[in-house]
Amino acid sequence: MHSMSESAMSLREQKRVETAHRITACAQRLTDERGLDGFTMDDLAEAAEVSRRTLFNYFPGKTDAVLGELPELPDDVVATFRAGGPHGGLVDDLAELARVALAAKPTDRDSLTLGRRVLVGEPRLLAAVHLRFETVIEEFAELVHEREGADFDPGRARLALRLLLAILDHALAVLVEEQSERTLVEVLDEQLGRARGLLA
C-alpha cells in the first residue's frame, strides 16, 4: 500500500510538471509570435489546453508563465550540501547543486533557443530574470551560511553564486549556438573548467 501511494504521488507530480512545462512552452511561443503584450492569460489557457483557473493555479501572470518554474532540489541533495558534501569544496558543491537542478528540468535545444530569444527580445523579462536570480542568490547564500558557519564572509558566498550563474548563462549561450548533441550539464562542466583556468 505504501509503494502504491508513492507511485500515485509520483504520477501526480509528473503530470503537474508536464502541465507547467506545457504552459511555459506555450507562453514562450506566444511571446515570440506576438510579444508579451500581444496575448492574454485566456489566450494562454486556450493554447495550453487548460482552464483559466488551472492556469492561475500554476502561474500568477504572463511573466511567470514565460519564465517557468524554478527546479526544486531534492531534500537529500540539500542536506548533503549543508553537511559539507558531496565533494567537500564550496564551488564544486554549488556546481553539483546546479547539475542536479538542470538534470531535473531537461529541455531540448529548440526550447532553449526559443526561451533565450524571448528573453533577449523582451526587456521586462530580462528584468524579471535578474530579480529572480537575486532571489535565488539570497536563498543559496543563506544555505552557504548554514553550511560554512557564521564566520564565512557572506559577500564571498554571493560572489561565488553570481560567478556560477554567469557561467551557467554562458554555457546556455554556447549550447544554443553550437551544433552538437551535448547536454547543458556537459557544457556547464566544460565552461566551469575554462573558468577555473582563467581564474587560476
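What you see is a predicted model; the values in this text were computed from it and never measured. Within any chain, residue numbers begin from 1 and follow the written order of that chain's sequence. Two thresholds apply to this predicted model, a pLDDT of at least 70 for residue-level local features and 80 or more for giving and counting side-chain atom pairs, whereas whole-chain, interface and lining totals are computed over all residues. The basis for every side-chain value is the complete set of heavy atoms in the structure, and neither hydrogens nor water enter the calculation.

Peer 1: If you had to explain the overall build of the protein chain to someone new, which residues and values would you point to?
Peer 2: A tally of regular secondary structure across the protein chain gives 10 helices and zero strands. Its helices and strands in sequence order give the protein chain the pattern α-α-α-α-α-α-α-α-α-α, from N to C terminus. For the protein chain, the spread of C-alpha atoms along the principal axes amounts to about 50 × 50 × 35 Å. Looking at the protein chain as a whole, 34% of its 200 residues qualify as buried. We treat Lys and Arg as the positive residues and Asp and Glu as the negative residues; His and chain ends play no part in the count. A charged residue contributes its charge at one atom only: NZ of Lys, CZ of Arg, CG of Asp or CD of Glu. On the protein chain, the mean spot of the 24 positive side-chain charges and the mean spot of the 36 negative ones are 3 Å from each other. Strands here are runs of E lasting at least two residues and helices are runs of H or I lasting at least four, both read from the DSSP assignment and numbered beginning at the N terminus. Partly exposed describes any residue whose relative accessible area lies between the buried limit of under 20% and the exposed limit of over 50%, with all areas from a 1.4 Å probe on protein chains only and scaled to the type maximum.

Peer 1: So what's going on with the packing of aromatic side chains? Which residues, and what values?
Peer 2: Any two rings among Phe, Tyr and Trp, with Trp reduced to its six-membered ring, count as a pair given centres within 6.5 Å; such a pair is stacked if its planes are under 30 degrees apart, edge-to-face if over 60, and tilted if neither. Per the stated rule, a full pass over the model turns up zero aromatic pairs. The ring of F39 has K62 lying over it, and the distance from NZ or CZ to the ring centre is 4.9 Å. For a Lys NZ or an Arg CZ to count as sitting over a ring, it must be within 6 Å of the ring centre and within 35 degrees of the ring normal. Its end group placed over the ring of F81, R147 keeps NZ or CZ at 4.6 Å from the ring centre.

Peer 1: Tell me about the side chain of T31, residues and numbers included.
Peer 2: On the secondary structure map, T31 appears in helix α1 (residues 2-34). Among the residues examined, T31 registers a relative accessible area of 5% and is labelled buried. By definition in these notes, contact holds between two residues if any of their heavy atoms fall within 4.5 Å. Leave out the neighbours within four places in its chain, and T31 touches L36, F39, V66, V118, E122 and L125.

Peer 1: So what about unusual backbone geometry? Which residues, and what values?
Peer 2: Residue P86 is reached from G85 by a cis peptide bond, and omega for that bond is 5°. Tracing the backbone through its elements, the reader meets P86 in the loop between α5 (75-82) and α6 (90-103).

Peer 1: Report on the side chain of D93, specifying residues and quantitative values.
Peer 2: Looking at the element boundaries, D93 is found in helix α6. Within the structure, D93 has its side chain in polar contact with the backbone nitrogen of G88 (distance 3.2 Å). When neighbours within four sequence positions are excluded, D93 is seen to be in contact with F81, G84, G85, P86, H87, G88 and R147. Think of a polar contact as two N or O atoms within 3.5 Å of one another; within protein, one of them needs to be a possible hydrogen donor and the other a possible acceptor, and neighboring residues in sequence only count if both atoms come from side chains.

Peer 1: Give me the lowdown on a nonpolar patch on the surface, citing residues and values where you can.
Peer 2: A contiguous nonpolar surface patch, about 470 Å² in accessible area, is contributed by L159, L163, L198 and L199. Here L159 lies in helix α9 (residues 154-177). Each patch is assembled from residues with relative accessible area greater than 30% and no salt bridge, linking like charges that lie within 9 Å and nonpolar side chains (Val, Leu, Ile, Met, Phe, Trp, Tyr) that lie within 5 Å. To be clear on the numbers: accessible area is Shrake-Rupley with a 1.4 Å probe, and residue cover counts the displayed protein chains and nothing else. Salt bridges are defined as contacts in which a side-chain nitrogen from Lys or Arg sits within 4 Å of a carboxyl oxygen from Asp or Glu.

Peer 1: How would you sum up the packing of helix α7 (residues 109-121) against α9? Please name residues and give values.
Peer 2: In this analysis, axes come from line fits to C-alpha atoms, helices being fitted only over the stretch in contact, and the angle between any two N-to-C directions falls in the range 0 to 180 degrees. For the pair α7 and α9, the least separation of the axes is 10 Å and the interaxial angle reads 120°. The orientation of α7 with respect to α9, classified from their angle, is oblique. For the crossing formed where α7 meets α9, the hand is left-handed. In this structure, α7 contributes R109, L112, T113 and R116 to the contact, and α9 contributes D169, L172, A173, L175 and V176. Oblique is the label for every angle not falling under 35 degrees (roughly parallel), over 145 degrees (roughly antiparallel), or within 65 to 115 degrees (roughly perpendicular). Left-handed is the label given to a crossing in which the near helix is rotated counterclockwise from the far helix by less than a right angle, and right-handed is the label when the rotation is clockwise.

Peer 1: Give me the pattern of salt bridges: which residues, what numbers.
Peer 2: Going through the model one piece at a time under the given rule, you end up with 19 salt bridges. Note that R16 and E69 form a salt bridge whose closest N and O atoms lie 2.7 Å from each other. Linking R16 in helix α1 with E69 in the loop between α4 (62-67) and α5, this pair joins segments that are 53 residues apart in sequence. Using a relative accessible area of 25% as the deciding quantity, one classes R16 as partly exposed.

Peer 1: For the packing of α6 against α9, give the residues involved together with the corresponding values.
Peer 2: Contact geometry of α6 with α9 gives a least axis separation of 11 Å together with a crossing angle of 45°. Relative to α9, the element α6 is oriented oblique. For the pair α6 and α9, the crossing hand works out as right-handed. Contacts between α6 and α9 involve L94, A95, A98 and L102 from the first element and A160, L161, L164 and L168 from the second. For the contact of α6 with α9, the residue count by class is eight nonpolar, no polar and no charged. Gly falls in the polar group here, along with every residue not listed as nonpolar (Ala, Val, Leu, Ile, Met, Phe, Trp, Tyr, Cys, Pro) or charged (Asp, Glu, Lys, Arg).

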